[in-house]
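A look at the structure
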Amino acid sequence: DLKLQRYDEGRGKEFQRQVVERVSTLPGVQMVSLVRDLPLGNSSGNVAVNLQGGEAGERVYLVRSNVVGPGYFRVMGIPISMGREFTEQDREGAPGVVIINETMARRYWSPENPLGQRISISGENGPFMEIVGVARDSKYKSLEEGPTPLVYQPLLQANYQSRLNMVVRTSDDPQNMLGTVREQISQMDSKLPLVDLQTMAQQVNLALLPAKAAAWFLGLFGIL
């Protein structure tokens, strides 16, 4: 969280750009991206989405939201089933775009094609953004959740995010990469606190703790 070091928006965006660029050059790193809410991180935002074409006050839905950087879906292995993912060109000044997940596409547009449809998260008067991709459903907040509509905003077009997670795909042992990534960020700002450096396997295991605890207690009662 760059607010902890009192970065303003300009310095913060430049730091985020440089840290992605720097970690991307490390041996064994295949791809790097940034995301506001990490999958299974037990945190997520919601937005009111207005679908263009509906009457005023109608076709407004509350859906889950996330903000992601270019390459995020490839880093996380989330397939784009229709359209495209975000690129470096989807930035401030360019036409506004979003990506939705398959549940949102089925729930609000089926059997229509959602690509090219326009939505607003700023009220019925817009600005409206074009749907350019549909991502496969995944788990967002917990493993127990059912199908959940979600809209992704591109980091380079969204409001400034001082708190972000960096995700790294590597061909080497992810556990060994943690220290290397920490060192690179510390070289950029030695006073910036880094929180919850872990592999995605560790993240998933943490999400499984409640289920494992329940299974342990059930097993204990069964033995008794």
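Each remark here, short or long, concerns the structure printed above.
Attention in this report is confined to the structure presented alongside it.

Analysis parameters
Residues numbered from 1 in each chain as written. Predicted model: local features only at pLDDT ≥ 70, side-chain atom pairs only at ≥ 80, totals over all residues. Heavy atoms only, no water. Helix = DSSP H or I, 4+ residues; strand = E, 2+ residues; numbered from the N terminus. Buried < 20%, exposed > 50% of the residue type's maximum accessible area, 1.4 Å probe, protein only. Contact = heavy atoms within 4.5 Å. Areas by Shrake-Rupley, 256 points an atom, 1.4 Å probe, with all protein chains shown as cover. Lys, Arg positive; Asp, Glu negative; His and termini not counted. Charge placed at Lys NZ, Arg CZ, Asp CG, Glu CD. Salt bridge = Lys/Arg side-chain N within 4 Å of Asp/Glu carboxyl O. Pairing = 2+ DSSP bridges. Axes fitted to C-alpha atoms, helices over the stretch in contact; angles between N-to-C directions. Parallel < 35°, antiparallel > 145°, perpendicular 65-115°, else oblique. Left-handed = near helix turned anticlockwise from the far one by under 90°.

What follows is about the overall build of the chain. Counting its secondary structure elements, the chain contains five helices and nine strands. The N-to-C order of helical and strand elements in the chain reads α-β-β-β-α-β-β-α-β-β-β-β-α-α. With the principal axes as the frame, the chain shows a C-alpha extent of 55 × 55 × 30 Å. Burial status across the chain gives 40% buried among its 224 residues. Residue pairs at least 24 apart in sequence account for 72% of intrachain contacts in the chain once pairs closer than 6 positions are excluded. When the accessible surface of the chain is split by element, carbon and sulfur atoms take 51% of a total near 12,400 Å². Charge separation in the chain, taken as the distance between the mean sites of 23 positive and 24 negative side-chain charges, equals 3 Å.

What follows deals with the pattern of salt bridges. For the structure shown, the criterion picks out 12 salt bridges. In this structure, the salt-bridge partner of K13 is E92, at a minimum N-O distance of 3.9 Å. Here the residue K13 occupies a position in helix α1 (residues 9-24), and E92 occupies one in the loop between β4 (80-83) and β5 (97-101), the gap between them amounting to 79 residues. For K13, a relative accessible area of 33% gives the class partly exposed. Looking at E92, the relative accessible area reads 67%, which means it is exposed.

Within strand β2 (residues 45-51), five of the seven residues are buried, which leaves it mostly tucked inside the rest of the structure. Of the strand pairs in this sheet, β2 and strand β6 (residues 118-120) are connected by two bridges, and their pairing is antiparallel. For L51, the partnering residue across the bridge sits in β6 and is I119.

Where α1 meets helix α4 (residues 174-188), the axes come as close as 10 Å, and the angle between the chain directions of the two elements is 140 degrees. Between α1 and α4, the crossing angle belongs to the class labelled oblique. Crossing of α1 over α4 shows right-handed handedness. The segment α1 lies against α4, with F15, Q18, V19, R22 and V23 engaging V181, Q184, I185, Q187 and M188.

This part is about unusual backbone geometry. In this structure, the amide linkage connecting S110 to the following residue, P111, adopts the cis form with an omega of 5 degrees. For P111, the position within the fold is in the loop between α3 (102-109) and β6. Along the chain, G126 connects to P127 via a cis peptide bond; the corresponding omega equals 10 degrees. Mapped onto the secondary structure, P127 falls in the loop between β6 and β7 (129-135).

Note that all results are geometric; they support no functional claim without further evidence.
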